[in-house]
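Structural description and commentary
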Amino acid sequence: MNNEGPAANGGLHLIPFRGLRYVPERVGSLAAVTSPPYDVVVRPDGLHHLESADPHNIVRLILPQAASPEDRHRQAAETLSRWLSEGVLAADPEPALYVYEQRKGDLLQRGVIGALALSEPSDGVVLPHEDVMPEVVADRAALMRTTAANLEPLLLTYRSGGELSGTSAVIERTILGPPVIATTTEDGFSHRLWSVTDPAELTQVEDDLSRYQALIADGHHRWATYLRLRAEHTGSPGPWNYGLVLLIDTARYPLQVRAIHRLLRRLPVADALSALDGSFRVRGLDVSLEQALGTLAEAAAEGNAFLLAGDGRFHLVDRPDPELLAGTVPGGRPEAWRTLDATVLHATMLDRIWRIPDTPDHINYIHDTQAAVSQAERDGGTAVLMHPVPEEIVRELAREGVTMPRKSTSFGPKPATGLVLRSLALD
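In short, a report on the structure. (Residues numbered from 1 in each chain as written. Predicted model: local features only at pLDDT ≥ 70, side-chain atom pairs only at ≥ 80, totals over all residues. Heavy atoms only, no water.)

1. A short note on the overall build of the protein
A tally of helices and strands in the protein yields 14 helices and 21 strands. C-alpha atoms of the protein, sized along the principal axes, occupy 65 × 50 × 45 Å. When the 427 residues of the protein are sorted by exposure, 54% land in the buried category. Looking at the protein alone, contacts between residues at least 24 apart form 80% of all its contacts between residues at least 6 apart. Carbon and sulfur atoms make up 50% of the accessible area of the protein, which amounts to about 17400 Å² in all. A gap of 2 Å separates the mean positions of the 40 positive and 56 negative side-chain charges of the protein. (Helix = DSSP H or I, 4+ residues; strand = E, 2+ residues; numbered from the N terminus. Buried < 20%, exposed > 50% of the residue type's maximum accessible area, 1.4 Å probe, protein only. Contact = heavy atoms within 4.5 Å. Areas by Shrake-Rupley, 256 points an atom, 1.4 Å probe, with all protein chains shown as cover. Lys, Arg positive; Asp, Glu negative; His and termini not counted. Charge placed at Lys NZ, Arg CZ, Asp CG, Glu CD.)

2. Structural notes on the environment of Leu84
The topology assignment puts Leu84 in helix 3 (residues 69-86). Since its relative accessible area comes to 35%, Leu84 is described here as partly exposed. Leu84 sits 62 residues away from Tyr22 along the chain, and the two C-alpha atoms are 9.4 Å apart. Once you skip the residues sitting within four places of it in the chain, Leu84 turns out to touch Leu20 and Leu89.

3. A few points about the pairing of strand 14 (residues 261-264)
Put simply, side chains in a regular strand alternate between the two faces of the sheet. Residues of strand 14 alternate between two faces, with His261 and Leu263 on one and Arg262 and Leu264 on the opposite face, all of them buried. Looking at chain direction, strand 14 and strand 18 (residues 363-366) are connected through four bridges and run antiparallel. Each residue of the ladder has a partner; that of Leu264, found in strand 18, is Ile363. Relative to strand 19 (residues 382-385), strand 14 runs antiparallel, the two being bridged by three bridges. By the bridge assignment, Arg262 is partnered in strand 19 with Val384. (Pairing = 2+ DSSP bridges.)

4. Some words on helix 7 (residues 220-232)
Over its 13 residues, helix 7 runs 19 Å from end to end, which matches the ideal 18 Å to within 8%, given 1.5 Å per residue. When helix 7 is considered as a whole, its buried residues turn out to be His220, His221, Arg222, Trp223, Thr225, Tyr226, Leu227, Leu229 and Arg230. (Expected span 1.5 Å × (residues − 1).)

5. Quick look at the sheet that holds strand 3 (residues 89-91)
Here we have four strands laid out as an open sheet, ordered 3-2-21-7, and antiparallel in their pairing. This sheet does not close on itself; its edge strands, each paired only once, are strand 3 and strand 7 (149-150). Where strand 7 lies against strand 21 (residues 421-423), two bridges are found, and the strand directions are antiparallel. By the bridge assignment, Asn150 is partnered in strand 21 with Arg422.

6. Comments concerning the packing of aromatic side chains
Applying the stated criterion across every chain, the model contains four aromatic pairs. Centre to centre, the rings of Tyr22 and Trp83 are 6.2 Å apart; their planes meet at 50°, and the pair counts as tilted. Placement of the pair is Tyr22 in strand 2 (residues 19-22) and Trp83 in helix 3, with a sequence separation of 61 residues. Of the two residues examined, Tyr22 and Trp83, each falls in the buried class. Over the ring of Trp337 we find Arg333; its NZ or CZ atom is 4.4 Å from the centre of that ring. (Phe/Tyr/Trp six-rings, centres within 6.5 Å; stacked < 30°, edge-to-face > 60°. Lys NZ or Arg CZ within 6 Å of the ring centre and 35° of its normal.)

7. What about the nonpolar core?
Within soluble globular proteins, side chains that are nonpolar generally end up buried alongside one another. Judged by nonpolar contacts, the single largest core of 111 residues is most densely connected at Leu12, Trp223, Leu247 and Trp354. The element best represented in this core is helix 12 (residues 341-353), accounting for six residues. For Leu247, the contacting residues outside a window of four places in its chain are Leu12, Leu14, Gly111, Val112, Leu156, Tyr158, Leu209 and Ala214. In terms of nonpolar packing, the next biggest core, distinct from the first, is built from 19 residues, Leu285, Ala300, Ala371 and Val373 among them. (Core = buried A, V, L, I, M, F, W, Y, C linked by side-chain atoms within 4.5 Å.)

8. Comments concerning the packing of helix 5 (residues 166-174) against helix 6 (residues 199-209)
Taken N-terminus to C-terminus, the directions of helix 5 and helix 6 make an angle of 145°; their axes are 7 Å apart at the nearest point. Judged by residue contacts, Gly166, Thr167, Ala169, Val170 and Arg173 of helix 5 engage Glu201, Gln204, Val205, Asp208 and Leu209 from helix 6. Each residue belonging to the contact of helix 5 with helix 6 can be placed in one class, and the counts come to four nonpolar, three polar and three charged. (Axes fitted to C-alpha atoms, helices over the stretch in contact; angles between N-to-C directions. Nonpolar A, V, L, I, M, F, W, Y, C, P; charged D, E, K, R; others polar.)

9. Some words on unusual backbone geometry
For the bond from Gly412 to Pro413, the omega torsion is 5°, close enough to zero to count as cis. You can see Pro413 is positioned in the loop between strand 20 (410-412) and strand 21. One non-glycine residue, Arg319, lies in positive phi territory at about 50°. Mapped onto the secondary structure, Arg319 falls in the loop between strand 17 (314-318) and helix 10 (322-328). Overall, Arg319 belongs to the exposed group, its relative accessible area being 57%. Positive phi, close to 50°, is recorded for Arg355, a residue that is not glycine. If you trace the backbone, Arg355 turns up in the loop between helix 12 and strand 18.

10. Some remarks on the packing of helix 3 against helix 4 (residues 134-147)
Two quantities define a packed helix pair, namely the angle between the axes and the distance from one axis to the other. Two elements in contact, helix 3 and helix 4, have axes whose closest approach is 8 Å; the angle formed by their N-to-C orientations is 35°. Crossing of helix 3 against helix 4: the hand is right-handed. Where helix 3 approaches helix 4, its residues Arg72, His73, Arg74, Ala76, Ala77 and Leu80 are matched on the opposing element by Asp139, Ala142, Leu143, Thr146 and Thr147. Looking at the contact of helix 3 with helix 4, its residues break down into five nonpolar, three polar and three charged. (Left-handed = near helix turned anticlockwise from the far one by under 90°.)

Written out as structure tokens, the structure reads:
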């Protein structure tokens, strides 16, 4: 985010680590062993597809399949240990920072991966913008504790003045050399990774980043997990005081901001619409998904708006009753928070009108729009399609220390999981 003077506690402190990486000769291909972040792999068919892509796909570590949580976490730890002993994964010989590039068509993103010193939100160094679910944090913590590894980097952003200096200069110099990893995944993104070990380059990055604060773009649950595990190891300085992150300077490489949709598993569309009658304006749309999203964007420019789907049509829901909002949306928060679509959805529609608890049994969070619609139609539920929150609002609320409802935004492109891991036993 914008550097408006030095961040508290000296700003970002990024250190090198001995990355664990796949040995190319031991896997079918580097593309076949990668995965999206764990919370993007939401459908069973997506999980099965990744598992069948290669027997060593990283999804077997981040989303292990077993009868109980304890068995899943133990299985992941045993798999990681076996892959290390068999030479499927190997540690780099010396600590490094890693320059990471993603490219697809005109979209280009570059940043640096390292182990970042952990800090509380009150320190003003790393700022969250979304709430988290305690049960998800507990599960991720158990997995991380059992494997003693950071299996995938969080996505954090900071904002420089845009000049080619400091970290940016190191990145641009580094990419002139040969990468240690180069692959293209099935989504069309090319990925390249370089190792930076030169002491002068590492010092330049460390000195530069110490001037900035960062926004968590993706990975709130994993950051909360890092903090929980650090607290468990209080008094023992070491690897648990750091967490694996990818840092992107959005002054040079702006991220895309997308919405995350809700699937209300037990609420048919007809019941959802009936309950909204009189509280919102509801209009049926016999159009394509692309056209419906265009209509949603137009309505969202005027106020709160949502698309409901699951019965073969799209239904635009907008213009909520002002008195209803006044009685359901909590006060004492900035106006930008009180008028968020996610705030209105959760406080007014889910809590008051539909009375649906925010638990995995009732609500799934889905990044892909078509997947949300298809799953709602298949299960007889309701997909609530959201419009993206402008990045400026996300940053402003984060600066004010106000968190948004969880899963309010999806920043991207997200780093591929499986390119580099961090073992806490090696640090």
